[in-house]
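Here is what each chain is made of, one letter per residue.
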Amino acid sequence: MKILLLFFLTLPLQALGQEEDCIFDQETQTDEFIRDIQEFQNYEWNDSTKEATIILESGDTLIAYRGGCYHFGISGTLKTADQELRETSKDYILEKGLWMAKNLFTTFNFNELQNKVTTEDYEIIRSDEEIFHIEFNHDYYSEYYLRAEQLDGQLKVEIGYYYG
């Protein structure tokens, strides 16, 4: 009985230790990757989720993410302001994805992505939930993707990569 009681008393300590076992240091993950982007000056940073919410001049919302514990990644999710889904062509989605990548990724990663789009070095995956899903071929990243889906009548476009 004492062993069982001791086990239950140490559970909260074990949970704390798991956070400290992150491969990537959570404390160093900040909003520095978007601070100097003029178009994104009016953003709200959520330090616990490592996300910035940016309301764009168009009324669209961009969620910029950078961080991770076991997998480190950068992503952008653009949600249209229009309640009516107007445009879902591959070219339009790629244009929105490249715009996010240009603003959120390093110049090297953006140029590499732009080259993959130009040379069509990717695979389009269809699913019932998504308008489409593109996987970019990459040797280093565990996943490098562009997804588009309809969410409550709005277009949601997400681009990102992660490794770890």
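Residues numbered from 1 in each chain as written. Predicted model: local features only at pLDDT ≥ 70, side-chain atom pairs only at ≥ 80, totals over all residues. Heavy atoms only, no water.

Notes on the state of the cysteines
Each disulfide is one covalent bond, formed between the sulfur atoms of two cysteines.
Here's step 1: Counted by the stated rule, this structure contains one disulfide.
Here's step 2: Linked covalently through their sulfurs, Cys22 and Cys69 form a disulfide whose S-S length is 1.8 Å. Across the disulfide from Cys22 to Cys69, rotation about the S-S bond amounts to roughly -95°, and the bridge is consequently left-handed. Here Cys69 lies in the loop between strand 3 (61-67) and strand 4 (72-79) and Cys22 lies in the loop between helix 1 (2-20) and strand 1 (43-46), a separation of 47 residues in the sequence. The two residues Cys22 and Cys69 agree in class, both being buried. (Disulfide = S-S within 2.5 Å. Helix = DSSP H or I, 4+ residues; strand = E, 2+ residues; numbered from the N terminus. Buried < 20%, exposed > 50% of the residue type's maximum accessible area, 1.4 Å probe, protein only.)

A look at unusual backbone geometry
Here's step 1: Its identity is not glycine, yet Lys50 carries a phi of approximately 60°, on the positive side.
Here's step 2: Considering the arrangement of structural elements, one finds Lys50 in the loop between strand 1 and strand 2 (51-55).
Here's step 3: Positive phi, normally seen in glycine, also occurs at Glu120, with a value near 55°.

Things to note about the nonpolar core
Here's step 1: Judged by nonpolar contacts, the single largest core of 34 residues is most densely connected at Ile34, Ile54 and Phe105.
Here's step 2: Taken together, the elements giving at least two residues each to this core come down to strand 2, strand 3, strand 4, helix 2 (90-104), helix 3 (107-118), strand 6 (132-136), strand 7 (143-151) and strand 8 (154-163).
Here's step 3: Top element by residues in this core is helix 2. It accounts for six residues.
Here's step 4: Once residues within four sequence positions are removed from consideration, Ile34 is found in contact with Phe40, Tyr43, Ala52, Ile54, Ala64 and Leu104. (Core = buried A, V, L, I, M, F, W, Y, C linked by side-chain atoms within 4.5 Å. Contact = heavy atoms within 4.5 Å.)

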